[in-house]
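Analysis of the macromolecular model
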Amino acid sequence: MNNNQLILEIDGTELEKWKHLIAKMEQVFLDAGFNKKIVNNIQFLVYKHSYCKITPLAFPTGGVKFVLEWADNINEAKNMVLEDGDLYPTDIPEDRIINMLKTDLEKQMRFIH
């Protein structure tokens, strides 16, 4: 990738196209025991002391992927010190994305104390 091509978080009308999938992804977290919490005007999904943000990204190739970004505590969430987690492409069926997310979240939750 050349330096002029950036991976950007999507927003505005492009984000509206993905709201239905984001809602389905959030429901997986809620079903697993997470709660929604707003931190500095950004929605996180919270379980114990772990904070997760679902971020849709636009790639230079034209594709959109979702990344799970994690913070280990409220201070990291406030300061947006987030570690990239799993990446979910949108060029596969939604039910496959949701099943992948469920499997990955089950694994992730084993490490949350």
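For the structure itself, look to the data block above.
Summarised in this report is the structure supplied together with it.

Conventions adopted
Residues numbered from 1 in each chain as written. Predicted model: local features only at pLDDT ≥ 70, side-chain atom pairs only at ≥ 80, totals over all residues. Heavy atoms only, no water. 1 Å grid on protein atoms, 1.4 Å probe; cavity = no way out; pocket = protein on both sides within 12 Å on 5 of 7 lines; lining within 4 Å. Points joined across faces, edges and corners; volume = space filled by probe spheres on them. Helix = DSSP H or I, 4+ residues; strand = E, 2+ residues; numbered from the N terminus. Nonpolar A, V, L, I, M, F, W, Y, C, P; charged D, E, K, R; others polar. Axes fitted to C-alpha atoms, helices over the stretch in contact; angles between N-to-C directions. Parallel < 35°, antiparallel > 145°, perpendicular 65-115°, else oblique. Left-handed = near helix turned anticlockwise from the far one by under 90°. Contact = heavy atoms within 4.5 Å. Expected span 1.5 Å × (residues − 1). Buried < 20%, exposed > 50% of the residue type's maximum accessible area, 1.4 Å probe, protein only. Arc of directions from axis to C-beta.

Counted as a void, the largest pocket has a volume near 310 Å³. In this structure, the largest pocket is lined by 13 residues; those nearest its centre are Leu15, Lys19, Ile22, Glu26 and Ile54. Elements supplying a minimum of two residues to the lining of the largest pocket: α2 (19-31), β3 (42-47) and β4 (50-58). Of all the elements, α2 adds the most residues to the lining of the largest pocket, at 4 residues. For the lining of the largest pocket, a count of residues per class yields 8 nonpolar, 1 polar and 4 charged.

For the rest of this paragraph, the subject is the packing of α2 against helix α4 (residues 94-109). Running from amino to carboxyl end, α2 crosses α4 at an angle of 30°, the nearest separation of the two axes being 10 Å. Taken together, the axis directions place α2 and α4 in an arrangement best described as roughly parallel. For the pair α2 and α4, the crossing hand works out as right-handed. Together, His20, Leu21, Lys24, Met25, Val28 and Phe29 of α2 and Glu94, Ile97, Ile98, Leu101, Lys102 and Leu105 of α4 make up the contact between the two elements. Here the contact of α2 with α4 is built from residues that sort into 8 nonpolar, 1 polar and 3 charged.

Between its terminal C-alpha atoms α4 stretches 22 Å, which fits the 22 Å expected from 16 residues at 1.5 Å a residue. Those residues of α4 that sit buried are Ile97, Ile98, Leu101, Asp104, Leu105 and Met109. The buried side chains of α4 occupy one side of the element, clustering within an arc of 135° when seen end-on. Away from the buried face of α4 by more than 90 degrees, exposed residues Asp95 and Glu106 are located. Buried-residue contacts for α4 involve α2, β3, β5 (64-71) and β6 (83-89).

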